[in-house]
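Okay, here's what each chain looks like letter by letter:
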Amino acid sequence: MRWQFIPVLFAVALAATGSSVLQPQPVATGSLEKFQQRAEKFHEVVTVPAFETTPVAVAATADRTIATANAALDSIGQLRAGEVNFVNTLRALDDVSYAISLTSDRLGLIEQTSTNAAVRDAATDAIKKLSEWSVGIDYREDVYAAVKAYAATQPLLTGEDKKLFDETLRDYRRAGLDLPKTQRDAVEKLRKELTALETDFENNVTKATKALKFTKAELTGVPVDFLSQQGIQTGPDEYTLKANVTFHYIMVEDNAKLEATRRKMMVAQCNLARTENIPLLQKILVCRDDLAHRLGYANYADYATEVRMVKNAATAIEFEEKLKAGLQPKFDAELAEFRQLKIKETGDANATINVWDWRYFANELKKTKYNVDAEQLRVYFPMNRVLDGLFTIYQRIFGLKFERVEPPYKWVDDLQLYTVADAKTGEPLGLFYLDLFPREGKYNHFAQFGIVEGKRLADGRYQRPVCALVCNFPPPQPDKPSLMSHDEVETIFHEFGHAMHTILTRAKFSRFAGTSVPRDFVEAPSQMLENWPWDKKVLDSFAADYRDPSKKIPPEILNQLKASRLATMGMFYRRQLSFGLMDLALHTQIHATNAEEMLPLANQFLSDVSLPVPPDTAFVAYFGHIIGYGAGYYGYAWADAIAADMATVFEQSPDGFFDKTAGMRMREEIYSVGDSRDINVSIEKFLGRPRSLEPFLEKIGVHKTEAGRPVEKSGQPVGAKTFWHRLWPW
Ligand SMILES: [Zn+2]
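Residues numbered from 1 in each chain as written. Predicted model: local features only at pLDDT ≥ 70, side-chain atom pairs only at ≥ 80, totals over all residues. Heavy atoms only, no water.

A. Main features of the coordination of the zinc ion. The coordination sphere of the zinc ion, as far as protein atoms go, consists of H494 (NE2), H498 (NE2) and E523 (OE), spread over 2.1 Å. Read in sequence order, the donor residues coordinating the zinc ion give the pattern H-x3-H-x24-E. Of this pair, H494 sits in helix α16 (residues 486-503) while E523 sits in the loop between α16 and α17 (524-529), and the two are 29 residues apart along the sequence. You can call H494 buried: its relative accessible area is 0%. Classification of E523 as buried rests on a relative accessible area of 0%. (Donors = N, O, S within 2.8 Å, 3.2 Å for Na, K, Ca; no water. Helix = DSSP H or I, 4+ residues; strand = E, 2+ residues; numbered from the N terminus. Buried < 20%, exposed > 50% of the residue type's maximum accessible area, 1.4 Å probe, protein only.)

Written as structure tokens, this is what we have:
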């Protein structure tokens, strides 16, 4: 997903290597043509996307898409009251948005993967053009009149059709279309103004840069390997690190022994883009608040959450506040442990843990108490073995068959393409590409990109989906294959889950297909799948030392890794909650008359929920998610909680994480339906019971007796069940 919750790994921009001496690639054995022919028998279509390869072709596609969509919208707008029906209004609109997303998704992938910089730039321009134009679609009065005329017929609809009807009308209302003309125009103007301000904010974040110079002594503790990388040593005793480069930042914060060095780096990062973005963010928040009021909402957070699982701001705040309180004892205990380490290291009995300290002492704790050296694990994760293992598990639990085929067009030489079919019936379900290694100008994390979404076509056939997994596996070296970290293994299990969500869809309308589910749910299935590579049986099914495959991961190493993860869970989630609560506070409390209070309010929430931030910093100015998530960052913990609950279905099944019955239920009740029915219903059908927060609390180490609630003389907490159920207020 482009909307990624997973912590971003070291995204080192390495040059791609074509070398694959020790990486025997699986041979393409399947036939794409036969797969496509078989689809016809199932009344389905499998389309290999036609990728644009020149800037001219990219621009032409965008222009053609706009022209075709405008013509289709004209046809809808010309309908007279007596002519309107479901097909020529609502389904026709879904067709239009499908055609637009086909183009924008494909160009989005090209923008991130093309090996030609001019093509990437052309894709960026084309996407910008498409998105600016698409804001205007909502304001086509003629189209709205046709939809209203159809609504006036009071059609009797059910299921997915009814959901499409209700949500299309809701979209128009949220765009201000049912307001009087002058107010409607004001909303349209505000939305366009917001789009421009938001783009500026995000560009400032991307462009912000700050180089800091250190001496070798100031960087004591930072790995020599890292400091010897090209471009870092800039003088006899001068090292230049950039606060805006995430892995420079983390290397210093995790390892620098000198507190002053850690503080300097943190303060520099928290002031990136400050001058430009503080006034911009004030304007954005005021505009968002104004927009919400004009549309009849108390605040922007209420407007934004209406279409998500959480439904309103109060529920999101209540969830986060209660989780914050529940985590207090664990958070305090972790800070006390960090503090002891600091006292030991500095000899200062009054030492306190500051916001620039926690990463360093969390790392110390991992190294000293848990003896964890994550790098050691790489030998167990050669990329091909991991991919084989992953494919075997996903094929088994979801009842699928993957086959490698030769891609008709490759944007990079080592590109792989796979077909996905139902294992039992042979029904073709879709295609996925694998783009494996880093290279200049390529997207620098791991993500799943939808290219063709599922949809029932006008002729009744079903368009099967196509997606791509864009990865940055460590390139193979002359003496060893691509060796993954455990983090990367977890990430690929996560991202591949999104691919399953995309491919296994059976939703009729593209609006509800694949990962087009509420934003505070979309990560949950993939977050659930992150549990797999923590399971010994799962790991033993593929992980083995590449030098001697009879050697599996020693159980004590895995246990240490688990214990060390749990040891800093309080800190991790309190930090997540500090972002979530800050985001909600800004989107409920800032308006035209108090905009200048934005920065103090943001800093106050960060300080209260996590660790106090220095008053001379403005982290929020560099926090791109405040724009992209817009009152949605709470969704991180929200989806995590659902993920932990969903994982119990597998954990309690006879075959655990290999359980096919649980997997098929996941495929039918979650992936296949997508957003074509209420997501709450889908989750409960998958769970086979109402939701519970307890699996999540257990996972993050929050114990009921630690919640600081009254405890009866018997030692039993009072009303534990009620308390925790209320923690998750639905
Ligand atoms: Zn994701």
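B. Broad picture of the pairing of strand β11 (residues 466-470). Within β11, 5 of the 5 residues are buried, which leaves the element mostly enclosed by the surrounding structure. Neither face of β11 is left uncovered, since the one carrying V466, A468 and V470 and the one carrying C467 and L469 both have all their residues buried. Alignment of strand β7 (residues 428-435) against β11, held across 5 bridges, turns out to be parallel. Bridge pairing in β11 places Y433 opposite A468. (Pairing = 2+ DSSP bridges.)

C. Summary view of the layout of surface pockets. If you add up the space inside the second largest pocket, you get close to 420 Å³. Taken together, 16 residues make up the lining of the second largest pocket; nearest its centre are N531, R565, E651, P695 and K699. Listed by contribution, the elements that provide at least two residues to the lining of the second largest pocket are α19 (555-567), α23 (635-651) and α26 (694-699). Examining the composition of the lining of the second largest pocket, we find that 4 residues originate from one element, α23, more than from any other. Taken together, the residues of the lining of the second largest pocket sort by class into 7 nonpolar, 3 polar and 6 charged. (1 Å grid on protein atoms, 1.4 Å probe; cavity = no way out; pocket = protein on both sides within 12 Å on 5 of 7 lines; lining within 4 Å. Points joined across faces, edges and corners; volume = space filled by probe spheres on them. Nonpolar A, V, L, I, M, F, W, Y, C, P; charged D, E, K, R; others polar.)

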